[in-house]
Amino acid sequence: MTITSRADDAFFAEALTIGATGYLVNGASQSGTTLVIDTGTGSISKGQTFTVAGVSGTYTVVSVTNAALTDATYATTVTTVKFAETLASSPSNNAAITLASTLPLPPHLVTKSVTLVNSGSNSMTVADHIGAVHGFVLVAGAGLTIEVSDTGSIFIKGTADDVLSIVGS
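Rules of the game
Residues numbered from 1 in each chain as written. Predicted model: local features only at pLDDT ≥ 70, side-chain atom pairs only at ≥ 80, totals over all residues. Heavy atoms only, no water. Pairing = 2+ DSSP bridges. Helix = DSSP H or I, 4+ residues; strand = E, 2+ residues; numbered from the N terminus. Buried < 20%, exposed > 50% of the residue type's maximum accessible area, 1.4 Å probe, protein only. pLDDT = per-residue confidence, 0-100. Contact = heavy atoms within 4.5 Å. Salt bridge = Lys/Arg side-chain N within 4 Å of Asp/Glu carboxyl O. Axes fitted to C-alpha atoms, helices over the stretch in contact; angles between N-to-C directions.

Chemist: Explain the sheet that holds strand β6 (residues 55-65) here, please?
Modeler: Sheet architecture is open: 6 strands sit in the order β2-β3-β8-β6-β5-β9, paired in antiparallel fashion. Sheet topology places β2 (24-25) and β9 (97-99) at the edges, where each strand pairs with a single neighbour. As paired strands, strand β3 (residues 34-38) and strand β8 (residues 80-83) are joined by 3 bridges and run antiparallel to one another. Its bridge partner being in β8, L35 is matched across the sheet by V81.

Chemist: What is the right way to read the pairing of strand β16 (residues 163-168) from this model?
Modeler: The two faces of a sheet get side chains in turn, since along a regular strand they alternate between them. By the alternation rule, side chains of β16 split into L164, I166 and G168, which are all buried, and V163, S165 and V167, of which none is buried. Taken together, the 6 bridges between strand β1 (residues 12-17) and β16 define a ladder with antiparallel strand orientation. In the strand pairing of β16, E14 is matched with I166. Here strand β11 (residues 114-118) runs beside β16; their pairing, made up of 5 bridges, is antiparallel. Along β16, the bridge assignment pairs T115 with V167.

Chemist: Can you help me understand the confidence of the model for the protein chain in this one?
Modeler: Interpreting fine coordinate detail is not advised for predicted regions of low pLDDT. On average, residues of the protein chain score 89 in pLDDT, and 93% of them reach the 70 mark or higher. Within the model, the stretch residues 1-7 combines pLDDT values under 50 with 1 contact to residues more than four positions away or in other chains.

Chemist: Whenever I open this one, the pattern of salt bridges confuses me. Can you help?
Modeler: Proximity of charged atoms lets side chains of opposite charge pair with each other. Under the defined criterion, the tally for this structure stands at 1 salt bridge. The shortest N-O distance in the salt bridge between D71 and K82 comes to 3.0 Å. Here the residue D71 occupies a position in the loop between β6 and β7 (74-75), and K82 occupies one in strand β8, the gap between them amounting to 11 residues.

Chemist: Is there a simple way to explain the sheet that holds β11 in this structure?
Modeler: Hydrogen bonds along the backbone pair up the strands of a sheet, which may run parallel or antiparallel. If you trace the 4 strands from one edge of the open sheet to the other, you get β1-β16-β11-β14, paired in antiparallel fashion. With one partner strand each, in any of the chains shown, β1 and β14 (143-146) form the two edges of the open sheet. Direction aside, the axes of adjacent strands within the sheet are offset by 15° on average.

Chemist: What am I meant to see in unusual backbone geometry here?
Modeler: Excluding glycine, residues mostly carry a negative phi; peptide bonds, for their part, are mostly trans. Even without glycine at this site, T77 takes up a positive phi of about 45°. Within the secondary structure layout, T77 lies in the loop between β7 and β8. For D161, which is not glycine, the phi dihedral falls at a positive 75°. With respect to the secondary-structure elements, D161 resides in the loop between β15 (155-157) and β16.

Given below as structure tokens:
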């Protein structure tokens, strides 16, 4: 029997949490473009937007840090989030962070295709821009393979805490 296999340096697989919940500000009087956070476990990715309880404005994630990664474009159990805008005011300790349920996929340069699998219990919309009215509806348990060169050009709209599995190369 002959077994043929192929390694691909560009291969990746992730489980993306839509609008992860449970994250809180870890420590009062933070300011600037970085927040130390805790208690959450779902994924946060570059390009995702969020709000902070008691602070005006919407903020766009630039990078995230956890126990294993620093300044990454995607991570779970995040401990620090960097963002583009400056905080309008200092949040209180344990202020809730609300992540948007419409977000771009984490950026990956893709040489072939990406497969999206709705591992959640609710339908999701897959589109080519954040404000899209039309797109593909990906029902719970369904999958979709797309030929694309950068996964960051795909946007997902879903329900908080549902999970989208992403595999590509």
